[in-house]
Amino acid sequence: MASTSPRPRGALAFPICALVALLAAPPALRAEEAPAAAPPKPCSTCGKVESVRQVKSAKPSSGVGAVAGGVVGGVIGHQVGSGRGRTVATVAGAAGGAYAGNTVEKKKNTKTVYEVSVRMQDGSMRTVQTTSAPPVGQAVTVKGDSLQATGSKKK
């Protein structure tokens, strides 16, 4: 008769407990899982046009238009009438010419610009003045004090 030696009772319990502990380990401890990637940073120069406002920009008058208009008006006024009438016509022509010359100079020095409000990707707002009005909602890149439509190449 062959004799078999009795095994101690806890001999099989240890390997089973180790296997159960390994399978029940939380997912963070398993080696096959990679850590989650960090979310991408928002672009610091990227945004969308939120509003566009037209602004008339005028340089101050230099006075050249008023002086030139006054001279021309005075010469034309001097051609009218005689005696005191000529003097009145000369003064009136000079005043009218000065006013007209100043008005022409102001119109010449006035230009239209657009104040564009851009909502940046980080949530902040920036306002830029441009000579052309981009459409509201357009994706843009703000570089200094200028706008560039996203996806277009500036040469």
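Presented here is an overview of the structure given in this document. (Residues numbered from 1 in each chain as written. Predicted model: local features only at pLDDT ≥ 70, side-chain atom pairs only at ≥ 80, totals over all residues. Heavy atoms only, no water.)

## Digging into the sheet that holds strand β1 (residues 46-58)
Put simply, the rule reads: When DSSP finds two or more bridges between a pair of strands, those strands are recorded as paired. Secondary structure elements follow DSSP: runs of H or I no shorter than four residues count as helices, runs of E no shorter than two count as strands, and numbering proceeds from the N terminus. In this description, a line fitted to the C-alpha atoms serves as the axis of each element, helices being fitted only across the stretch in contact, and the angle between N-to-C directions of two axes falls anywhere from 0 to 180 degrees.
Strand order in the open sheet made by the five strands is β3-β2-β1-β4-β5, with antiparallel pairing throughout. For this open sheet the edge positions go to β3 (125-130) and β5 (146-149), each flanked by a neighbour on one side alone. Strand-to-strand, the axes of this sheet are offset by a mean angle of 35°, without reference to chain direction. In this sheet, β5 lies alongside strand β4 (residues 139-143) in antiparallel orientation, the contact comprising four bridges. Its bridge partner being in β5, V140 is matched across the sheet by A149.

## Describing the packing of helix α2 (residues 64-78) against helix α3 (residues 84-109)
The line we're drawing: Reported orientations rely on four angle classes, namely roughly parallel under 35 degrees, roughly antiparallel over 145, roughly perpendicular from 65 to 115, and oblique for the rest. Helix crossings fall into two classes, left-handed where the near helix is turned counterclockwise from the far one by less than a right angle and right-handed where it is turned clockwise. In what follows, residue pairs with any heavy atoms lying within 4.5 Å of each other are defined as contacts. Each residue gets one label: Ala, Val, Leu, Ile, Met, Phe, Trp, Tyr, Cys and Pro are nonpolar, Asp, Glu, Lys and Arg are charged, and the others, such as Gly, are polar.
Packing of α2 against α3 brings their axes to within 6 Å, and their N-to-C directions diverge by 150°. Relative to α3, α2 is oriented roughly antiparallel. Crossing handedness for the pair α2 and α3: right-handed. Side by side, α2 and α3 meet where V64, G65, A66, G69, G70, G73, G74, G77 and H78 of the first sit next to R86, A89, T90, G93, A94, G97, A98, G101, N102 and E105 of the second. A breakdown of the residues in the contact of α2 with α3 according to their chemical character gives five nonpolar, 12 polar and two charged.

## Details of a nonpolar patch on the surface
Worth spelling out the cut-off: In this analysis, a patch consists of residues with relative accessible area above 30% that form no salt bridge, clustered at 9 Å for like charges and at 5 Å for the nonpolar side chains Val, Leu, Ile, Met, Phe, Trp and Tyr. In short, Shrake-Rupley with a 1.4 Å probe defines the accessible areas, and a residue's cover is counted only from the protein chains shown. In the sections that follow, a salt bridge refers to a side-chain nitrogen of Lys or Arg positioned within 4 Å of a carboxyl oxygen of Asp or Glu. The buried label goes to any residue with under 20% of its type's maximum accessible area, the exposed label to any with over 50%, and the partly exposed label to all in between, with areas taken from a 1.4 Å probe on protein chains only.
A cluster of nonpolar side chains, contributed by V67, V71 and V75, occupies part of the molecular surface with about 270 Å² of accessible area. Inspection of the secondary structure assignment puts V67 in helix α2. Accessibility expressed as a relative area gives 55% for V67, which makes it exposed.

## Quick notes on the pairing of β3
Two elements, strand β2 (residues 110-120) and β3, share six bridges in a ladder whose sense is antiparallel. Following the sheet pairing, R119 is matched in β3 by M125. Counted along the chain from β2 to the antiparallel partner β3, the turn is four residues long, and its residue G123 has a positive phi close to 100°.

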